[in-house]
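Fold and contact review
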Amino acid sequence: MIIRRPPDIPSSEITPGSVYFNRRAFIKTAAAGVAAAALVPSGLAALGGDRPQQIPPRFKNMKSELGEPLNSYKDITTYNNFYEFGTSKGDPSRNSGDFHPRPWTVSIEGHVDKPGEYHLEEFLKPYKMEDRVYRLRCVEAWSMVIPWRGFPLADLIKRVEPTGDAKFVRFTTVYRPSEMPGQRTNVLDWPYVEGLRMDEAMHPLTLMTTGLYGMDLPNQDGAPLRLIVPWKYGFKGIKSIVKIEFVEKMPLNTWHQTASNEYGFYANVNPHVDHPRWSQARERRLGELRKRPTLMFNGYGDQVAHLYQGMDLAKWF
Amino acid sequence: MSDRTKVRILKVAVWLGALAPLAWCVAGYFQDWLGANPIEKLEHVTGMTTLLTLLATLAVTPLRRLTGWNPLINVRRPLGLFAFFYAFLHFGVWAGLDQTLVWSWMKDDIAKRPYITVGFTGFVLLIPLALTSTKGWIRRLGKKWTTLHRLIYVTAALGVIHYYWSVKADVRIPVLLGTIYLGLMAIRVPGWLEKRRRKKARDYPSTAALSPAAGRFPSR
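About the criteria used
- Residues numbered from 1 in each chain as written.
- Chains lettered and ligands numbered in written order.
- Predicted model: local features only at pLDDT ≥ 70, side-chain atom pairs only at ≥ 80, totals over all residues.
- Helix = DSSP H or I, 4+ residues; strand = E, 2+ residues; numbered from the N terminus.
- Buried ≥ 20, exposed ≤ 12 C-beta atoms within 10 Å, placed from the backbone.
- Contact = placed C-beta atoms within 7 Å.
- Nonpolar A, V, L, I, M, F, W, Y, C, P; charged D, E, K, R; others polar.
- Pairing = 2+ DSSP bridges.
- Axes fitted to C-alpha atoms, helices over the stretch in contact; angles between N-to-C directions.
- Expected span 1.5 Å × (residues − 1).
- Bend = angle between axes of the 7 residues up to and from the residue.
- pLDDT = per-residue confidence, 0-100.
- Left-handed = near helix turned anticlockwise from the far one by under 90°.
- Core = buried A, V, L, I, M, F, W, Y, C linked by C-beta atoms within 7 Å.

Before going further, it helps to examine the overall build of chain B. Check the secondary structure of chain B and you find 10 helices and zero strands. When the 220 residues of chain B are sorted by exposure, 24% land in the buried category. Contacts in chain B between residues at least 24 apart in sequence constitute 62% of all its contacts with a sequence separation of at least 6.

What follows concerns the interface of chain B and chain A. With 12 residues of chain B at the contact, the number on the chain A side is 18 residues. For the side of chain B that touches chain A, the per-class residue count stands at five nonpolar, three polar and four charged.

This part takes up the environment of D312 of chain A. In this structure, D312 of chain A sits in the segment after helix 10 (301-304). Once the C-alpha coordinates of D312 of chain A and R58 of chain A are considered, the two residues, 254 residues apart in sequence, prove to be 42 Å apart.

Our next topic: the sheet that holds strand 7 (residues 193-197) of chain A. All names here are of chain A. Reading across the sheet, the five strands line up as 3-2-11-6-7 and stay open at both edges, with mixed pairing between neighbours. In the strand order of this sheet, the two ends are held by strand 3 (116-119) and strand 7, each with one partner. Neighbouring strand axes in the sheet, compared pairwise and without regard to direction, differ in orientation by 15° on average. Bridge count between strand 2 (residues 105-110) and strand 3: four bridges; the pairing is antiparallel. Each residue of the ladder has a partner; that of S107, found in strand 3, is E117.

Time to look at the pairing of strand 8 (residues 207-212) of chain A. For a regular strand, the rule is simple: side chains alternate between the two faces of the sheet. All names here are of chain A. Counting buried positions over the six residues of strand 8 gives five, a clear majority of the element. One ladder, built from five bridges, connects strand 5 (residues 142-152) with strand 8; its direction is antiparallel. Of the residues in strand 8, the one forming a bridge with F151 is M208. Where strand 8 meets strand 10 (residues 226-228), three bridges bridge the pair, whose relative direction is antiparallel. Across the sheet, residue L207 finds its bridge partner in strand 10, namely I228. In this structure, strand 8 lies alongside strand 9 (residues 215-216), joined through two bridges in antiparallel fashion. Counted as the bridge partner of G211 is D216 from strand 9.

We now examine helix 1 (residues 3-31) of chain B. Since one α-helical turn is 3.6 residues long, residues separated by three or four positions face the same way. Residues and elements named next belong to chain B. Between its first and last C-alpha atoms helix 1 spans 41 Å; for 29 residues at 1.5 Å apiece the expected length is 42 Å, and the two agree. For helix 1, the principal kink sits at A20 and spans about 35°; a proline, P21, occurs within the next four residues. Positive backbone phi, approximately 60°, marks D32, located one or two places after helix 1.

Here the focus is the confidence of the model for chain B. When pLDDT is averaged along chain B, the result is 93; 94% of the residues meet or exceed 70. The ipTM assigned to the predicted complex is 0.86, against a pTM of 0.85.

Turning our eyes to something else, we now look at the environment of R282 of chain A. Residue and element names in this part refer to chain A. Tracing the backbone through its elements, the reader meets R282 in strand 12 (residues 282-285). C-alpha of R282 to C-alpha of T294: the two residues are 12 residues apart in sequence and 4.8 Å apart in space. In contact with R282, other than residues within four places in its own chain, are A141, K291, R292, P293 and T294.

Here the focus is the pairing of strand 12 of chain A. Residue and element names in this part refer to chain A. Inspection of the sheet shows strand 5 paired to strand 12 by two bridges, in the parallel sense. Bridge pairing in strand 12 links S143 to R285. The pairing of strand 12 with strand 13 (residues 292-293) spans two bridges and is antiparallel. Paired with R282 across the bridge in strand 13 is P293. Where strand 12 folds back on strand 13, the antiparallel hairpin that results is connected by six residues, among which G287 adopts a positive phi of roughly 100°.

Okay, the packing of helix 2 (residues 38-67) of chain B against helix 8 (residues 151-166) of chain B next. Any two packed helices are characterised by the angle at which their axes cross and by the distance between the axes. Residue and element names in this part refer to chain B. With their axes 10 Å apart at the nearest point, helix 2 and helix 8 run at an angle of 145° to one another. The chirality of how helix 2 crosses helix 8 is left-handed. Here G47, T50, L51, L54, L55, T57 and L58 of helix 2 come into contact with helix 8, specifically with I152, A156, G159, V160 and Y163. For the contact of helix 2 with helix 8, a count of residues per class yields eight nonpolar, four polar and no charged.

Ranked by size, the top nonpolar core spans 56 residues in total, and within it I146, V169, F171, L227 and I241 of chain A carry the most contacts. The dominant element in this core, judged by the number of residues it contributes, is strand 5 of chain A, at five residues. If we ignore the near neighbours within four places in the chain, the residues touching V169 of chain A are G195, L196, M198, A201, I244 and F246 of chain A. The next biggest cluster of nonpolar side chains, apart from the first, holds 31 residues, and it includes I39, A56, Y86 and L89 of chain B.

Quick look at the structure:
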């Protein structure tokens, strides 16, 4: 993967003196503006679509470590599987306008020496954000190349000091049917749950993600905090996380619970293990015409294959 | 307004309605409405239109019986042919764009993926129906034409199953279409039973008194 630290602050981003010295008045006006905006119909509040002026210039010619171009901001923010907002690909961008990713609380629970409940800003404070260009391979056999922004989950884990009983990490999505229309249906059991084995969670590729293209995650991509595990199918990348628990037993992840013969716990990208109803040997990279062969572990095999040595991956799918 | 005019208007409506999805697809390609995965969108629109036109075709006869307006039969063939047309487009998008005409991938999918086996079979079964839809063939086949064209009951069912098996978890629309299909078949059952009873009475007049409808005939 490509890790980039954001460059030094450009002068365009330095607060003008007049604003700084009058910042309390500025904040009051801004707060009034936000309150007014909250009254604006939800549709206008939804983010998505092309925002070429706001995409930082460093992304212009960025590629993945295999030389693949990035998918557009528009594609990444209008083609989503996020059933909390509806089951069509366009539903999350259309229906997440009412969702408020702030204020946000994250709780750390279970077998750790330092559990706690944090406001998001507090939670994120100790970590340095990085750009990470990863392939995202959906179990439905399409994929994109996405420039995420986040920090290694391993950094969080080291901070909270898991005990010897912590064998797995279990993540939970927010349950808020008032703002997430899909949660009023029972296409899946809510709230959405996912999990990782401890060594998978500690792996340097596993990313606690807060942004894409250098900007905060829009609602449809899992604001304000989501998980990205690039060598696994996309459904492992749980979105809008409120709870991170350190547990002894393998968590029952939602898709495995929904159809245990079709979706497993490990969900490692594997062209040799088909979905019962469709092949996983090839995938549609959005933007390309011809399907491309799926890579073992989504192309991250040299970094993760050792985690699964001796495991029958057809059995533990 | 004469029956002939009404049928004309209905046929125009069918043509406009049936061509609208195609127009949307073509416009969508140029206007970039097809989204981030245009091939998937095209497969979805052509597939859904196939199923809806198949169900519309199946609705003609029950509507005819219900309204007693026989000229309705004249929209059945255009509807059926449009169903075939969209099935052909759906197959074409899959074969040409999704599979980029790689025959080995396609053979593999048709053989190994049940939802594709079922979908492909449904499409293939529609071909003889499309080819024998002309007046010439109706005359040539006579009674056998009706028997052959009962295949539409099978292809519509295969189409619904194909859709149901292709969906990840949200089966609501396939289930709805399946329910409509079952309803359109259920409506036909009393008619079939009555036909069978009448045929039996014709072939074996002495048994008429033994049938459940015996009460309708003077028993003396």
